[in-house]
Amino acid sequence: MSRPLEKGRTEERLDKEDVSYMELLCPETVIKKGMFHKLFQEGYEISPNLSEVYELALAYYESQILSKSELVKNSAYFVKVEETFTNHFAICAGDPLKLPDYSSSRLKSFFSNNQFRTGYASHGLFPYRGKFHPQMIKALINIIGVKPGGTLLDPMMGSGTVPVEASLMGIRSIGIDASPFCRFMAQAKCDAMTLDINSIKGITEKADFLFSAFSQPLTDFNTQQAAFIEENKFLPGDCREKIFNLLFLAFLDSEGYAQRSKRKSHIEHFRSILERYIAVVTKFIAARDHLALKPSATQLLCADARSMDIPRHSVDGIIFSPPYSFAIDYLENDRSHLRYFSHETTQLSDRMIGLRGKALKQKYELYIEDMEKVLLQCFNTLKSKCFCVIIIGTNDSQLGKVLKVPKEEVKGLNQIMVDIGKSIGFSHVRSLPRQIVGMANTMRQEYIVFLQKE
């Protein structure tokens with residue numbers, strides 16, 4: 001293969017540029033060089049086990065948007081920039097998330113392979129169905145330009161991934177969820193990042209005592225918390241509530257494990273999970289103090305995303321994932337935990353988006369109606385030119401039955417969110433597809449939808 005010679009050029013005047021061009025046509029050279037030098041500067045080392053196209057795209061966006069110092073401090077997909085290891089590497093490095101010995105090899109393999117994606121900071125506390133990859137959220141925060149000192153909103157925070165990541169990055173956050181259990185879980189994770197190492201020393205040795213206290217005939221959350229604070233006045237006043245939140249979350253986690261697995265007794269599950277929680281927090285504290293990180297303030301509310309009490313034009317970015325329509329019943333999943341929060345689940349189902357209504361068609365119609373209200377609230381709270389990112393999948397099979405059309409003809413929820421956004425005043429910048437792992441029977445793919453307020 002050759003290219004035409006430019007005017008005035010001869011074969012004898014073949015220069016270095018031509019030699020380089022000819023070398024690139026050689027399969028051996030192309031294979032050896034790979035593609036990364038085309039995407040990233042020399043000396044930029046990306047996270048291990050990066051395996052999906054959307055991850056590579058987000059890493060590329062980070063490398064183009066952030067300065068070198070910002071990449072070192074807050075990037076998600078880089079472990080080294082030139083000769084400097086990133087903060088993300090320092091937080092994730094070391095042993096992967098500690099799991100009980102009886103955990104399946106599949107679960108252990110998941111956390112080992114996803115050490116840089118999800119098993120770091122306080123994200124490893126309480127596994128929650130439908131939770132984000134925190135690494136992805138960190139990258140999205142960077143890409144939409146929210147900087148330390150800014151404010152980020154998640155109107156459907158679930159287990160608290162967005163506020164945890166924002167806090168790690170020095171960004172204020174507001175998190176909202178209709179479920180009091182989700183609000184508590186998110187609060188416990190954010191609190192855990194601010195604890196002092198001395199405040200959690202020796203806690204695992206008190207596992208049996210704590211289990212006995214938490215296992216008394218059902219007492220609501222507030223009563224449990226008040227009793228703990230009263231009995232532990234020797235602890236600094238500002239951390240008693242935070243420590244209780246961590247311990248009670250471990251108890252609720254163990255309760256779920258005990259219901260799903262009978263191989264161990266409830267107290268044995270609690271001992272193992274408490275040990276894991278303390279190990280997770282201890283590891284993070286070491287990284288936090290080494291890097292001199294100061295987690296930012298979070299405001300976490302149990303409220304309705306359709307009518308948020310947030311000042312207009314006050315937030316610098318929004319990232320959230322709506323419930324997957326009626327594909328997952330989060331209320332049923334959390335029923336045993338919600339009972340501690342003195343909340344009538346029937347009342348909660350009337351407030352939770354995706355659960356309202358009886359027949360599937362009615363649930364779908366109410367879901368769209370509710371999401372229109374949520375997106376309007378997002379538009380009003382967002383500053384001009386800022387981004388609202390929605391991560392959403394489509395349960396095509398269920399929607400096909402509801403709409404009485406073949407699933408191939410179903411209009412995806414991602415496109416419906418784009419259409420709603422445009423009708424409100426957002427512009428659609430881009431949608432990135434990503435595969436969903438573990439929900440193949442319900443949905444296989446979701447989209448990262450970038451909307452911008454004009």
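The shown structure was predicted, so the numbers you read here are calculated from the model rather than taken from an experiment. (Residues numbered from 1 in each chain as written. Predicted model: local features only at pLDDT ≥ 70, side-chain atom pairs only at ≥ 80, totals over all residues. Heavy atoms only, no water.)

1. Focus on the overall build of the chain
At step 1: When its secondary structure is counted, the chain shows 20 helices and ten strands.
At step 2: Buried positions account for 53% of the 454 residues belonging to the chain. (Helix = DSSP H or I, 4+ residues; strand = E, 2+ residues; numbered from the N terminus. Buried < 20%, exposed > 50% of the residue type's maximum accessible area, 1.4 Å probe, protein only.)

2. What about the confidence of the model for the chain?
At step 1: Within the chain, residue pLDDT values average 85, and 85% of them lie at 70 or more.
At step 2: Here residues 1-12 scores under 50 on pLDDT; set against residues more than four positions off or in separate chains, the count is ten contacts. (pLDDT = per-residue confidence, 0-100. Contact = heavy atoms within 4.5 Å.)

3. Considerations on the pairing of strand β2 (residues 78-81)
At step 1: Two elements, strand β1 (residues 44-46) and β2, share three bridges in a ladder whose sense is antiparallel. Within β2, the residue paired with isoleucine 46 across the bridge is phenylalanine 78.
At step 2: As paired strands, β2 and strand β3 (residues 84-85) are joined by two bridges and run antiparallel to one another. Counterpart to valine 81 in the pairing with β3 is threonine 84. (Pairing = 2+ DSSP bridges.)

4. Topic: the nonpolar core
At step 1: Phe181, Phe248, Leu252, Phe270 and Leu274 are the most contacted members of the largest nonpolar core, which has 47 residues in total.
At step 2: At the level of elements, α10 (180-192), α11 (207-214), α12 (221-231), α13 (240-260), α14 (266-291) and α15 (330-333) are the ones that each hand at least two residues to this core.
At step 3: Of all the elements, α13 adds the most residues to this core, at ten residues.
At step 4: Sequence-distant contacts of phenylalanine 270, defined by excluding residues within four places in its chain, comprise Ala207, Leu210, Phe211, Phe214, Leu247, Ala250, Phe251 and Ser254.
At step 5: Ile46, Ile143, Ile144 and Ile448 belong to the second largest nonpolar core, which has 36 residues in total. (Core = buried A, V, L, I, M, F, W, Y, C linked by side-chain atoms within 4.5 Å.)

5. Some thoughts on the environment of phenylalanine 211
At step 1: Here phenylalanine 211 shows up in helix α11.
At step 2: For the pair phenylalanine 211 and leucine 247, spaced 36 residues apart in the sequence, the C-alpha separation amounts to 9.5 Å.
At step 3: Setting aside chain neighbours within four positions, we find phenylalanine 211 in contact with Phe251, His266, Ile267 and Phe270.

6. Re the sheet that holds β3
At step 1: One open sheet accounts for three strands, arranged β1-β2-β3; its pairing is antiparallel. The open sheet is flanked by β1 and β3, the only strands paired with a single partner.

7. Here's the deal with unusual backbone geometry
Most of the time, phi is negative for any residue but glycine, and the peptide bond is trans.
At step 1: The backbone of histidine 313 shows a phi angle near 55°, a positive value even though the residue is not glycine.
At step 2: Within the fold, histidine 313 resides in the loop between β6 (298-302) and β7 (315-320).
At step 3: A relative accessible area of 43% means that histidine 313 is categorised as partly exposed.
At step 4: Even without a glycine there, the phi angle at lysine 404 is positive, about 60°.
At step 5: Taking relative accessible area as the criterion, lysine 404 reaches 75% and is therefore assigned exposed.

8. Quick word on the sheet that holds strand β9 (residues 426-435)
Paired through backbone hydrogen bonds, the strands of a sheet run either parallel or antiparallel to each other.
At step 1: Spatially, β6-β5-β4-β7-β8-β10-β9 is the arrangement adopted by the seven strands of the open sheet, whose pairing is mixed. In this open sheet, the two edge strands, each paired with only one partner strand, are β6 and β9. For this sheet the average axis-to-axis angle between neighbouring strands, irrespective of direction, equals 15°.
At step 2: Across nine bridges, the pairing between β9 and strand β10 (residues 445-453) is antiparallel. The residue of β10 that forms the bridge with histidine 428 is leucine 451. (Axes fitted to C-alpha atoms, helices over the stretch in contact; angles between N-to-C directions.)

9. Re the packing of helix α18 (residues 360-381) against helix α19 (residues 396-403)
At step 1: Put simply, α18 and α19 touch, their axes get as near as 9 Å, and they point 110° apart. Relative to α19, the element α18 lies roughly perpendicular. Contacts between α18 and α19 pair Leu360, Lys361 and Tyr364 from the former with Leu399, Val402 and Leu403 from the latter.
At step 2: Its residues assigned to classes, the contact of α18 with α19 shows five nonpolar, no polar and one charged. (Parallel < 35°, antiparallel > 145°, perpendicular 65-115°, else oblique. Nonpolar A, V, L, I, M, F, W, Y, C, P; charged D, E, K, R; others polar.)

10. Digging into the packing of α13 against α14
Packed helices, taken two at a time, are described by the angle their axes make and the gap between the axes.
At step 1: It is at 8 Å that the axes of α13 and α14 come closest, and there the two elements cross at 135°. The orientation of α13 relative to α14 falls into the category oblique. Regarding α13 and α14, the two cross each other, and that crossing is right-handed. Residues Leu246, Leu247, Leu249, Ala250, Phe251, Asp253, Ser254, Glu255, Tyr257 and Ala258 of α13 form the contact with α14, whose own contacting residues are His266, His269, Phe270, Ile273, Leu274, Arg276, Tyr277, Ile278 and Val281.
At step 2: Broken down by class, the residue content of the contact of α13 with α14 amounts to 13 nonpolar, three polar and three charged. (Left-handed = near helix turned anticlockwise from the far one by under 90°.)

11. Describing the pattern of salt bridges
At step 1: Scanning the model with the defined rule gives 18 salt bridges in all.
At step 2: Across the pair glutamate 454 and lysine 385 runs a salt bridge, and its minimum N-O distance is 3.6 Å. One end of the pair, glutamate 454, is in the segment after β10; the other, lysine 385, is in strand β8 (residues 382-393), and 69 residues separate them in sequence. (Salt bridge = Lys/Arg side-chain N within 4 Å of Asp/Glu carboxyl O.)

12. Some thoughts on helix α9 (residues 161-168)
At step 1: A large share of α9 lies buried, amounting to eight of its eight residues.
At step 2: Within α9, the full set of buried residues consists of Thr161, Val162, Pro163, Val164, Glu165, Ala166, Ser167 and Leu168.
At step 3: Within two residues after α9, glycine 170 carries a phi angle of roughly 80°, on the positive side.

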